[in-house]
Amino acid sequence: MRFLALLLLVSAGAVFAADDDIVGFNASASTSQRALEEQLDSIINADEMDEWLRRMSAEPHHVGSLASKENAEFIAELFESWGYDTEIVGYEILLPEPKTREIELVAPTSFTASLREETLAEDPSTAVRETLLQPYNAFSIDGEVEAELVFVNYGMPEDYEILERYGIDVTGKIAIAKYGRSWRGIKPKLAGEKGAIGTIIYSDPADDGYGAGDVYPKGPFKNDSGVQRGSVMDMPTYPGDVLTPGRGATERARRLKREDAPTITKIPVLPISYRDALPLLSAMGGEVVPQEWRGALPITYHLGPGPAKVRLKAEFDWNMVTAYNVIARLEGSEYPDEWVIRGNHHDGWNHGASDPLSGQVAMLAEAKAVARLAAAGHRPLRTIIYGAWDAEEPGLIGSTEWAEDHADELKEHAVAYLNTDGSARGFLGIGGSHVLERYLNQVADDVNDPRADISLKERSRANRMITGDEKSRSEAKNRKDLRISPLGSGSDYTPFLQHLGIASVNVGFGGEASDGSYHTLYDTYEHFTKFKDPGLTYGATLAKVTGRATLRLANAPRLPFDFKGLADNVALYVTELEELANGMRDKTMAENQLIKDGTYAVAMNPYTTFGPPLAKDPVPHFNFAPLKNALSRLQEAAEAFDAAAAENDAATEEVNKLLYTSERLLTREAGLDGRPWYKHHIYAPGFYTGYGVKTIPGVREAIEQREYDKVGPQIDIAAEVLNDLADRITTLTDML
Ligand SMILES: [Zn+2]
């Protein structure tokens, strides 16, 4: 899986004179570092990456398969041959694989879903049958249910509000939902909370199919038999092995019983193609769906319930399998106890050419170049650890188990974690901890786009200049760095950032190629090299970006952490929270008045056939003062540090340790309300969005979910973490 948002650099700006020095390096150190990076570029070879990609995507290689183990061994051999201290570390994890998958329309007509993806003559990889992992949603519970269908749009909280206004209740029904808008696991989670007894998820051709563009093999989009596989584990509660939350899934680990694992769904769920969805949806009656809910199938979409009645049966083999992480280490010459960690998963749902191997081969190209430079006398000052993770697809399992297993050492030694996953052609997207915003901007400024003769940063800036909203365009006048996106979830950075408080980064290219092959049989070498990144041009560029990112962290005399950018982004989030509360208060007040006056219905679009909402509790005024006071302290401390850092390039191990452990101060051992595994109080995946980030999540989700009595205590916790960080920054300033 993968974070799908593409326009991750969200600011445009005028061109500033580039600072010549790399943050954390003085003038002469910057010059030699840049010279080293030019050598790095010359070692990166797209043809070799292409060979690795072809080899590793030849067979389906999901966790637990023979091909996944062989790929882990191949990756380990490469690292070993380049001089890394390499080991394959196994974890014993619970993995459901499909045994029975049945969806049958039993009334008013009959139809049996094929649940089968077709072989294409144009793509020989799709001829595989024996080792193909059939379409399913991992960590659905076993079950057989029969009930009327209700169409729930994307299955998001706001969709259920609309259904309530139609007077439609999903209790005892099967919810049919479109893929998209949220992490897929939210769909069965919410349907179950609302009383549904089963869920079917399909990709509508409007979003991913002939409504979006030509379908595979003519174009990149989903053909009518393509099915998106994927995990539906409740990852916003905790990712990783469902039986061992908070600890490594070693052979002897204490395990939950499967029936007690809270992250397995409560109701059965299966994914289908739009070919299989069509007869089900055509047989539905009831009201016509609202305009915005309509897809691109040649039917009138109805909400139900029924008369379409469906039997859904899903049974799985619940096996214990071994996830094979490859861990490769290059000991630092000066600071071996400071670790830069760099990862990308290697397991795919099937051939996984795009997801994850396009990112994996970029990491391998980077690692080879770093090792060659080390052998030529440029050994990195800090230790670099490469992690090629297994079992990311079913729920970030390989990385999470390793991070949990080594939690204490990592909290002590980890400087930062750098992640990639599937990557294509297009714009450079950067998400990450905002202490690294400055450093990432410099990296993006020092690598050119492979087709346009401008830096990646300036290309993204230009894009923002024409596509940004008014606010981001006006920011261009005042802001030298492009904002990087805060991280939610969807790839392996989550355990490092949100569980352990390690500053993290996620980078990748995208935006010019469709994602129609995502988690289907069609994510093949043929599809990838034809449509997503022909010649691996952007893949090679990604290796140059991450190679710089890794080496600058490994070699910087003073670690390139910057607090001004962080404070500026946190200020934005605090403003957003106040605006959120004020907006909800005004809207609730106005709506309640209209409902009371009986005039709500006439205020709606006359073609809207659903009724007014129920009146909601008024939104109280909250006291944001503690948070705003803490923010002021953080801003002042960041300014003072910035001024001191500009005048003084002193760097001691003590300073560096206080720098890289500063992100830990944003966590609390007790974690977030109701989900203690997530310990970071600035970044978390949304409890009801899954991939999408919630910044200052304790406060934001208490407001959004209308749990008003929780807002004050959450403001106090957020203020406390910011105050702790401000104190740390002041200590650092005094040391410079
Ligand atoms: Zn992935």
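Residues numbered from 1 in each chain as written. Predicted model: local features only at pLDDT ≥ 70, side-chain atom pairs only at ≥ 80, totals over all residues. Heavy atoms only, no water.

Bringing the overall build of the protein chain into the picture now. Regarding its fold elements, the protein chain presents 21 helices and 16 strands. Relative to the compact-globule value of 27 Å for 736 residues, the protein chain shows a C-alpha radius of gyration of 25 Å, a close match. Contacts in the protein chain between residues far apart in sequence, at least 24 positions, make up 81% of those at least 6 positions apart. With an accessible surface of roughly 26300 Å², the protein chain has 49% of that area assigned to carbon and sulfur atoms. Of note, the protein chain has its 75 positive side-chain charges centred 3 Å away from the centre of its 112 negative side-chain charges. (Helix = DSSP H or I, 4+ residues; strand = E, 2+ residues; numbered from the N terminus. Rg over C-alpha atoms; globule rule 2.2 N^0.38 Å. Contact = heavy atoms within 4.5 Å. Areas by Shrake-Rupley, 256 points an atom, 1.4 Å probe, with all protein chains shown as cover. Lys, Arg positive; Asp, Glu negative; His and termini not counted. Charge placed at Lys NZ, Arg CZ, Asp CG, Glu CD.)

So, on to a negative patch on the surface. Together, E77, E80, D85, E87, E331, E334, D337 and E653 make up a region of like negative charge exposed at the surface. Broken down by secondary-structure element, the contributors of at least two residues to the negative patch are α3 (66–81) and β1 (85–107). Within the secondary structure, E80 is located in helix α3. Residue E80 is classed as partly exposed on the basis of its relative accessible area, which comes to 48%. (Patch = residues over 30% accessible without salt bridge, like charges linked within 9 Å, V, L, I, M, F, W, Y side chains within 5 Å. Salt bridge = Lys/Arg side-chain N within 4 Å of Asp/Glu carboxyl O. Buried < 20%, exposed > 50% of the residue type's maximum accessible area, 1.4 Å probe, protein only.)

Turning next to the environment of V232. Structurally, V232 can be placed in the loop between β7 (230–231) and β8 (269–272). You can call V232 buried: its relative accessible area is 1%. Spatially, the C-alpha atoms of V232 and G286 are 29 Å apart, while their sequence positions differ by 54 residues. If near-sequence neighbours (up to four positions away) are discounted, V232 is found in contact with N137, A138, F139, S140, W183, R184, G185, P188, T263, T265 and V269.

A separate point is the domain arrangement of the protein chain. Its domain assignment divides the protein chain into domain 1 (28–93 + 321–444 + 483–559), domain 2 (95–319), domain 3 (445–482) and domain 4 (564–735). Here the C-alpha centre of domain 4 lies 33 Å away from the C-alpha centre of domain 2. Tallying the contact residues gives 21 residues for domain 2 and 17 residues for domain 4. Per-residue buried area on domain 2 facing domain 4 is highest for R165, W183 and P236; these three make up 38% of the total on that side. The tally of links from domain 2 across to domain 4 stands at one salt bridge. For K616, the salt bridge identified is with E161, shortest N-O distance 4.0 Å. Connecting domain 2 to domain 4 are five residue pairs in polar contact (both at pLDDT 80 or more). In terms of residue class, the side of domain 2 that touches domain 4 is made up of twelve nonpolar, three polar and six charged. (Domains from an automatic or database assignment. Buried area = accessible area lost by both parts, 1.4 Å probe. Polar contact = N/O pair within 3.5 Å; in protein donor to acceptor, adjacent residues only side chain to side chain. Nonpolar A, V, L, I, M, F, W, Y, C, P; charged D, E, K, R; others polar.)

Turning next to the pattern of salt bridges. Enumeration according to the criterion identifies 46 salt bridges in this entry. The partner of K69 in a salt bridge is E73, and the shortest N-O contact between them spans 3.4 Å. Remark: E73 and K69 occur in helix α3; sequence separation between them is four residues, near one turn of the helix. Overall, the relative accessible area of 33% leaves K69 in the partly exposed class. K222 is the salt-bridge partner of D208, the closest N and O atoms lying 2.5 Å from each other. Residue D208 is found in the loop between β6 (198–202) and β7, and its partner K222 is found in the loop between β6 and β7; the two are separated by 14 residues along the sequence. Comparing D208 with K222 shows no difference in burial state: the two are buried.

What follows deals with the packing of aromatic side chains. Under the definition given, this model contains 25 aromatic pairs. Ring geometry for Y210 against Y274: centres 5.5 Å apart, planes inclined by 85 degrees, an arrangement best described as edge-to-face. In this pair, Y210 is assigned in the loop between β6 and β7 and Y274 in helix α6 (residues 274–282), connecting sequence segments 64 residues apart. By way of ring pairs, the aromatic residues W52, F79, W82, Y84 and Y386 are connected into one cluster. K189 extends its terminal NZ or CZ atom over the ring of F687, reaching a point 3.4 Å from the ring centre. The ring centre of W339 lies 5.0 Å from the NZ or CZ of R329, which sits over that ring. (Phe/Tyr/Trp six-rings, centres within 6.5 Å; stacked < 30°, edge-to-face > 60°. Lys NZ or Arg CZ within 6 Å of the ring centre and 35° of its normal.)

Before going further, it helps to spend a moment on the pairing of β6. With respect to burial, β6 is a largely interior element, five of its five residues being buried. On β6, burial covers both faces: G198, I200 and Y202 on one face and T199 and I201 on the other are all buried. By the bridge criterion, five bridges tie strand β5 (residues 174–178) to β6 in an arrangement that is parallel. Across the sheet, K178 pairs through a bridge with Y202, a residue of β6. Traced from β5 through helix α5 (residues 186–193) to β6, the parallel crossover comes out right-handed. (Pairing = 2+ DSSP bridges. Right-handed = clockwise from strand over helix to strand, strands pointing away.)

On to unusual backbone geometry. Here the amide bond leading from A107 into P108 is cis, since omega sits at -5 degrees, within 30 degrees of zero. Examined against the element boundaries, P108 turns out to sit in the loop between β1 and β2 (111–112). The omega angle of the peptide bond from Y216 to P217 is 15 degrees, so this bond is cis rather than trans. Positionally, P217 belongs in the loop between β6 and β7. Unlike most non-glycine residues, N153 shows phi in positive territory, near 60 degrees.

Here the focus is helix α19 (residues 653–660). By the burial criterion, the buried members of α19 are V655, N656, L659 and Y660. Considered in projection along α19, the buried side chains sweep an arc of 120 degrees and stay on one side of the axis. (Arc of directions from axis to C-beta.)

Below, the discussion takes up the packing of helix α10 (residues 437–445) against helix α15 (residues 537–555). Closest axis-to-axis distance for the α10/α15 pair is 9 Å, and the angle between their directions is 135 degrees. In terms of their interaxial angle, α10 and α15 are classed as oblique. Here the hand of the crossing between α10 and α15 comes out right-handed. The residues of α15 that touch α10, namely those facing Y439, Q442 and V443, are V545, R548, A549, T550, R552 and L553. In the contact of α10 with α15, the residues fall into five nonpolar, two polar and two charged. (Axes fitted to C-alpha atoms, helices over the stretch in contact; angles between N-to-C directions. Parallel < 35°, antiparallel > 145°, perpendicular 65-115°, else oblique. Left-handed = near helix turned anticlockwise from the far one by under 90°.)

Looking now at the environment of H681. Locating H681 in the fold gives a position in the loop between α19 and β15 (683–685). Residue class for H681 comes out buried when judged on its relative accessible area of 3%. Each C-alpha atom, one on H681 and one on Q498, is 8.5 Å from the other, the two residues being 183 residues apart in sequence. Apart from the residues lying within four places of it in its own chain, the contact partners of H681 are L666, R668, G671, L672, I696, P697, Q714, I717 and V721.

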